[in-house]
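Summary of structural features
Here are the chains, one letter per residue:
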Amino acid sequence: MDFEFTSEQRLLQDSLRRYVDKAYSFEARTALLKAGKDGSADNWGLFAANGWLMAALPEEYGGLGGTLVDTVIIAQELGRGLVLEPFMACAVLAAQTLLATGSEAQKARLVPQLADGTYRIALAYGEAGSRGMPLPVTLQAEPVHDGFRLSGRKSLVLGAVGAKAFIVSAQIPQAPGISLLLVDADRPGLTCQTLPLHDGTWAQALHFDGVEVGADALLGEAGQGLSGLRQGLANGIVALCAELVGGMEKTIEVTADYLKVRQQFGVPIGSFQALQHRMADMAAELELARSSLHAALDAMANDDAVTRDRTVSASKMLICRAAKSVCGQGIQLHGGIGMTEEYLVGHYYKRAVVADLLLGSSDSHEAACAAALQAQLRA
Amino acid sequence: MDFQPDASLEAFREQVRGFLRDQVPADLKGQQRCTRSPREQITRWQKLLTERGWGAPYWPKEHGGTGWSVPQILVFDDECSAAGTPTLDGFVHKMLGPVLNSFATPEQKAEHLPPVFNGERLWCQGFSEPGAGSDLASLRTRAERDGDHYVVNGQKIWTSYAHDADWIFLLVRTNMDVKKQAGISFLLVDMRTPGITVRPIRSIDDAHHLNETFFDNVRVPVANLIGGEGQGWNITKFLLNNEHATVADLPELKRYMRELRLIGSTLQVDDQPLFEQPGFALKLARLDAELQAIEMLVQRVARLEQQHNPASHTLGSILKIRATELQQRMTEAQIEALADYGAIAYPHPHEADPQQPFPQQALARGISHDMFLRRASTIYGGTSEVQRGIIAKMLFQL
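Residues numbered from 1 in each chain as written. Chains lettered and ligands numbered in written order. Predicted model: local features only at pLDDT ≥ 70, side-chain atom pairs only at ≥ 80, totals over all residues. Heavy atoms only, no water.

Before going further, it helps to spend a moment on the UniProt feature "domain: Acyl-CoA dehydrogenase/oxidase N-terminal" (unreviewed entry) in chain A. Those places that UniProt annotates as "domain: Acyl-CoA dehydrogenase/oxidase N-terminal" (unreviewed entry) correspond, in this numbering, to residues 6–117 of chain A. Structurally, residues 6–117 of chain A is divided into 68% helix and 0% strand, and its ends, taken at the C-alpha atoms, are 26 Å apart. (UniProt positions renumbered as here; feature names shortened; annotations may be inferred. Helix = DSSP H or I, 4+ residues; strand = E, 2+ residues; numbered from the N terminus.)

Structure follows, in structure tokens:
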């Protein structure tokens, strides 16, 4: 275990930091928000050209063969800039689910296109009744002559805008368990409703009304998709947590600067002990969250799937709650200006609020941890 | 950054486990370790470690220590805690020892280092005074020069284990005419010297570790001065900066989690184990998540400390705040989980067994003592409020 960045990791972080600071200023981001898109296609191409999309993809499929640590470095820096492009949703969540479940042929065909940014897929797993968790799944994939017919709904598909295909979790009646199918976004019978989220990103609600796909749409074995889905989700959660750690860092930096320039009662407000102690608590919250992220990375590298999922759930709830708390305090310490749309600190809070609800809320993951601990105590 | 298991550290863990399993007698294991162990046990444990060549587990090799890295020290403490060995005399191993190694004369080392290794000289710490807590530099206990002696007058407070100590290391004022920090000196005093009175202070954990210690014309040889006159404040800063990763008391936090799970499996609610109650299980999940994060934070601080990176100081302050708060929350969770049994004042584990056993004594005894004692964790070693001030200043220049 080593917490120090290698020189390569440092270079990766520097390149992201430079990009976010220069090209993704708050003003540039605001312009993108006003354009009403989930980031820009140009930016996605740039991410690909810089190797960020392929960083953690295997070399045999056109990736750089890096690890989840590389993903975390990238996501954390993107989180500092509140970058809108769906890096977590498409380059991590969907890509890692595909890697965990696809056949060699499917991966050989699709992953290189994910790596070079020419093809984007999104993961459509959540339903109204699953609240961001992988289960239960009610969407049906009924076997028909040479494929499947899909009927049902997916509630909040991240990175769906601009995705050319979806990985869809479904029940196949003859194969108990969860199956994953790759469905092109333009299939007849599939309608996508685009929904704005509080943080300026977009998601889609999908309605499958007898959507037909071929037998080759099935990823892996019928009924055997859950473990791969969980693995993809675990990767996505870690990336989302890393984004939030970056967001907390930036919020704390911006707030510390503000406390030195804002004057009341004739002195900088940072001279007040109440505010100094609040800043110390925010820093403590951030560092505990960072360590929780490290615990998740440790579990991803070393533990069995059950322990991995429990640890990742623990990190999701701890880090999301930390981010809401720290970013909320960022607003508080700014006073009125923190409430304005024109100022950046409120946007970090919005992202934290949304992130808490994505991929299973803190409450859901807390319940998952509790259930895992109960199972362990019963054994 | 990587999260590959450290094979050499795991091999070291096996070595420590082997020693604890094969060479430590059963009556030196399974002890309650929250407070300092009784003298006889400390001495036996110390001699056993010295025989093994581990007599000073926290010191560098050149001072007769093991030369273990900070991560190794954490493993050693963790395994000793899991086995329930007695404690060492932490005052000499973690506070005075490094001071002696760095500042003492050869004569002073010859006098005080050998007894560390035979465990026959126990120490206590004389820093705080009734008027000098967080503002330690305002201390008023005076040492006036009289020939080859200092004459010490004044009062120390919160002197843990002074009633069972052979020597005390003491901060005294030797100069009234300079800035308050510059007038402080560091003295070693034999507790048998005439004029020393120790009065017990019973604490809310229903035990006696704390004392007031009075000095009435106590004559201390000048040879017992460490460093020069007026060096006391610098030595104190050195002493207080000596450990960061271990302030979390991680082995104790892990013990609290084990105990909490045991309570959850032992007590029954509606013919089911307590852990089946959603409220208990959710609380356990929250505490477990935080414990995992604290464990990683300890590892991070340990590695910074190992590299002598000053970032370990600020991160150590953060760790101290959060780990000590977690100590309090976990022991409170234990009491809450015990419900009716949580309200009972069981006899202190260091006291004799009651004639008629209390209900659930094996499970519940000692838990409330830990919980009440843990209120001190956010006060000693720099209060949480002092730590917050340090963090705001060091991280944000506020």
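Now, onward.
Right, let's talk about the interface of chain B and chain A for a bit. Frequently, the measure chosen for interface size is the accessible area removed from exposure when the parts meet. The partner chain A presents 47 residues to the 40 residues of chain B that form the contact. Each partner contributes to the roughly 4,100 Å² buried at the junction of chain B and chain A, and carbon and sulfur atoms together form 65% of this total. For the chain B face of the interface with chain A, the top three residues by lost area are B:Met1, B:Phe3 and B:Leu398, together amounting to 22%. Connecting chain B to chain A are 6 salt bridges. A salt bridge links A:Arg310 to B:Asp288; the nearest nitrogen and oxygen atoms lie 2.9 Å apart. Where chain B touches chain A, the interface holds 19 residue pairs in polar contact (both at pLDDT 80 or more). Counting only elements with at least two residues in the side of chain B that touches chain A, the list comes to α7 (250–266), α8 (278–306), α9 (311–338) and α12 (384–396) of chain B. (Contact = heavy atoms within 4.5 Å. Buried area = accessible area lost by both parts, 1.4 Å probe. Salt bridge = Lys/Arg side-chain N within 4 Å of Asp/Glu carboxyl O. Polar contact = N/O pair within 3.5 Å; in protein donor to acceptor, adjacent residues only side chain to side chain.)

Our next topic: the UniProt feature "domain: Acyl-CoA dehydrogenase/oxidase C-terminal" (unreviewed entry) in chain A. Residues annotated by UniProt as "domain: Acyl-CoA dehydrogenase/oxidase C-terminal" (unreviewed entry) correspond here to residues 223–372 of chain A. Along residues 223–372 of chain A, the helical share is 80% and the strand share 3%, with 23 Å between the first and last C-alpha atoms.

On to the state of the cysteines. Per the counting criterion, the structure on display carries 0 disulfides over all chains. Of all cysteine sulfurs in the structure, the one in A:Cys320 sits closest to A:Cys241, which takes part in no disulfide; the separation is 5.5 Å. (Disulfide = S-S within 2.5 Å.)

Below, the discussion takes up the domain arrangement of chain A. All names here are of chain A. Domains assigned within chain A are domain 1 (7–119), domain 2 (122–219) and domain 3 (226–378). Inter-centroid distance (C-alpha atoms) of domain 1 to domain 3 is 21 Å. On the side of domain 3, 30 residues touch domain 1, which itself brings 21 residues to the contact. Summed over the shared surface of domain 1 and domain 3, the number is 2 salt bridges. Between Glu253 and Arg80 there is a salt bridge, and its shortest N-O distance comes to 2.9 Å. (Domains from an automatic or database assignment.)

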